[in-house]
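Breakdown of the fold
The primary structure of each chain is shown beneath.
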Amino acid sequence: MKPKNLLDHLCEMESQLGDFSYENFTMSEAEEVKQAFLAFKNTLFEKINPTNPKNADYNYLKSFNETERALLDFDMQTYDAVITHYESYTNVLKSLKIETPMKSEKYNSIPSDRVTISPLQSTATVDLYPLLEDCMGEMELLEELIKLYEKNALEFIGHAKIHLKNEDYDRLRLSAHKIKAGLAMLKTNDLYSIVLQIEQTCKTDKDHKHLQFLFNCFLNEFPLVQNALQLSYSELKK
Amino acid sequence: MARKSLLLAEDDELLASLLNFRLKKGGYDVVHSGDGKQVKEYLAQRMPDIIVSDIMMPYFSGMELIDYVRNELKSKIPIIIISSAGNEENVINAFELGANDFISKPVSPSELLVRVARELNKN
């Protein structure tokens, strides 16, 4: 495939992805598509990189003049984002067993009405035994810690909702920071991972849409973690 | 032997509850506060044998606490800082201000007990 063809394909992908949105992804789906994209991107760049000695087929790029090379670099950067979205989308469709238009020889429009995101299937499991050891076997203390944990999480939800509404990312970051240690302490790793991302996003690009998505993930995950906590606590109480 | 007094300055109730419990079990007289103002007032009246403080606290941060103890109260009592992961810069600043040791969150109570004992034995 010549560079121009590749760019044409990427351009077409971009137009096909007009309806694409990651908002309804679950955390695991988002992570999956991210990893899939990184693999795809690396493979693509390896193939097009003229300095890669493995790519004898791409030696013709050496014949490009400076302007053509600069243009190609520019286009590849531009389409980097497009590839991200495209690969994410394709993998989610695959995981949902929806046939993607890319399977056909010619790109057709993506039937967005066929895309349904599966309900959150959390793998939330909690093992309270290490914490019980820290509590020196005191079940009452463990129960108190679980209550405090839930109280902190509910406070966080309340605060985060307000801060998101006010687009107050500094306070959102502080709220995330405050709850982080408790989430780690009870080893509720999924929630910890979400909150860590909220904190990081508040520090960096302050992408409201992404923060809202992460917050929704937290809202979805929290009841599942609560159940897992209760389950683990009941097991220990036996 | 008299029990050593320990001031625990930590605004995270969850962590403070666990540490308070374990430090008391470990034989320390623990005074806990999650309010920086209260911590300052307490220190102005009485100096504990050791301080364990979170860096990020409302009204009176862990940094301010170290500065207050070292420069205003002129005390050399050991101060152990509790810091979140990724706050390395704060930890360096804390050492520069006069902190003796630090421990990262999530805090292992057993590790903290060892560190507290070690700092007290140094003095």
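Residues numbered from 1 in each chain as written. Chains lettered and ligands numbered in written order. Predicted model: local features only at pLDDT ≥ 70, side-chain atom pairs only at ≥ 80, totals over all residues. Heavy atoms only, no water.

Focus on the pattern of salt bridges
Residues and elements named next belong to chain B. Counted under the stated rule, the structure contains 13 salt bridges over all chains. R115 is the partner of D101 in a salt bridge, and the nearest nitrogen-oxygen pair spans 3.0 Å. Placement of D101 in strand β5 (residues 101-104) and of R115 in helix α5 (residues 109-122) is noted, with a sequence separation of 14 residues between them. Between E111 and R115 there is a salt bridge, with its nearest N and O atoms 2.8 Å apart. In this pair, E111 and R115 both sit in helix α5, four residues apart, roughly one turn of the helix. You can call E111 partly exposed: its relative accessible area is 34%. (Salt bridge = Lys/Arg side-chain N within 4 Å of Asp/Glu carboxyl O. Helix = DSSP H or I, 4+ residues; strand = E, 2+ residues; numbered from the N terminus. Buried < 20%, exposed > 50% of the residue type's maximum accessible area, 1.4 Å probe, protein only.)

Digging into the nonpolar core
Counting residues in each nonpolar core, the largest one holds 60 residues, and the members touching the most others are F218 of chain A together with V116 of chain B. Ignoring any residue separated from it by four or fewer positions in sequence, one finds F218 of chain A in contact with A153, F156, I157, I179, L183, L191, I194 and V195 of chain A. Core analysis: the next-biggest nonpolar cluster, separate from the first, contains 19 residues, V69, I77, I79 and A94 of chain B among them. (Core = buried A, V, L, I, M, F, W, Y, C linked by side-chain atoms within 4.5 Å. Contact = heavy atoms within 4.5 Å.)

Some thoughts on unusual backbone geometry
Put simply, K105 of chain B and P106 of chain B share a cis peptide bond, and its omega is -5°. Structurally, P106 of chain B is set in the loop between β5 and α5. In the Ramachandran plot, M136 of chain A falls in the positive-phi region, its phi being about 55° despite a non-glycine side chain. By the secondary structure assignment, M136 of chain A is in the loop between α4 (129-134) and α5 (139-165).

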